[in-house]
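# Structure at a glance
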Amino acid sequence: MTELLPLPEPDPQETLARLDSLARNHLLFFRLEVGRLMLELYFGSDPERYHSQDPRKPSSFATFLAQCKAELQDLGLGETVLRRCILTHLAVQSLPPEAVARLPFTHVVELSRVEDSATRSLLALATLNNQWTSRQLHDAIQAVRAGRWIDGDPAPGLQPLPPPEPEKSLPAGRVLNRIARSAEELESLTGQWRQLQGKKRAVPRKAKPKRRSCA
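Residues numbered from 1 in each chain as written. Predicted model: local features only at pLDDT ≥ 70, side-chain atom pairs only at ≥ 80, totals over all residues. Heavy atoms only, no water.

### Observations concerning the environment of A66
- As for its placement among the helices and strands, A66 is situated in helix α3 (residues 60-67).
- Judged by its relative accessible area of 58%, A66 falls in the exposed class.
- Taking the C-alpha atoms as reference points, A66 and E79, separated by 13 residues in sequence, lie 9.1 Å from one another. (Helix = DSSP H or I, 4+ residues; strand = E, 2+ residues; numbered from the N terminus. Buried < 20%, exposed > 50% of the residue type's maximum accessible area, 1.4 Å probe, protein only.)

Shown next as structure tokens:
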């Protein structure tokens, strides 16, 4: 029996990273192909046809979604997912290829919600340079929509705006002192109000009109 030679011990983190890359790239490629296929079959690969709100637009896509709803759900491709695939496919067309190859699918979905292609590309590169999470990218997109610059740090590169600082809590002693002072002030004001209510305000009497004598 041939003795098996020992194999080099794989690095668990490297294995996990490679599995993550395979899963991410496979999912992104699959969803992009789904979006491309739906756009080609039902909208002639024309983005304007997809986005059109014209009521006369053919409803073959809606008919397909209705007739095959159960089968699509079994594939994990319900209407929401299919529409997201189409939007993601359209968004990727304007992104740098090197960025698409490195972005996770969740980040590409977030970028698909940005209408301006130049801003979308800027945010894609900023995401890679700063290793933003999908939540940080979402916050940056919201900041851009609100007209705010997304760089919250003077350091090189683009950083997402920092979250608002939580209100600082006061020491227990200072809180109790404030409560005591507020109680004293309230008691003093209550006493003054009672004194004002107890005083009768002098109401001036109206002068009686003089009687005129009849001639």
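Let's pick the thread back up.
### Description of the environment of L41
- Along the chain, L41 turns up in helix α1 (residues 12-43).
- Looking at L41, the relative accessible area reads 54%, which means it is exposed.

### Some words on the packing of aromatic side chains
- In the structure shown here, the tally under the stated rule is 4 aromatic pairs.
- Taken together, the ring pairs in this structure connect Y42, F43, Y50, F61 and F64 into an aromatic cluster. (Phe/Tyr/Trp six-rings, centres within 6.5 Å; stacked < 30°, edge-to-face > 60°.)

### Structural notes on the pattern of salt bridges
- Counting across every chain of the model gives 6 salt bridges.
- Residue R36 pairs with E40 through a salt bridge whose shortest N-O separation is 2.8 Å. Remark: E40 and R36 occur in helix α1; sequence separation between them is 4 residues, near one turn of the helix.
- Judged by its relative accessible area of 32%, R36 falls in the partly exposed class.
- Judged by its relative accessible area of 38%, E40 falls in the partly exposed class.
- Here E110 and R113 are joined by a salt bridge, their closest N and O atoms 3.4 Å apart.
- Classification of E110 by relative accessible area gives buried; the value is 15%.
- Judged by its relative accessible area of 39%, R113 is partly exposed.
- Overlapping salt bridges, with partners in common, bring together E33, R36 and E40 in one network. (Salt bridge = Lys/Arg side-chain N within 4 Å of Asp/Glu carboxyl O.)

### Concerning the nonpolar core
- Among the nonpolar cores identified, the biggest contains 20 residues, and L28, L103, L111, L123, A124, W132 and L137 are the most heavily contacted of them.
- Looking at this core, the elements that each hand over two or more residues are α1, α6 (97-102), α7 (105-111), α8 (117-130) and α9 (134-145).
- Membership of the second largest hydrophobic core comes to 14 residues, among which are L39, F61, F64 and L65. (Core = buried A, V, L, I, M, F, W, Y, C linked by side-chain atoms within 4.5 Å.)

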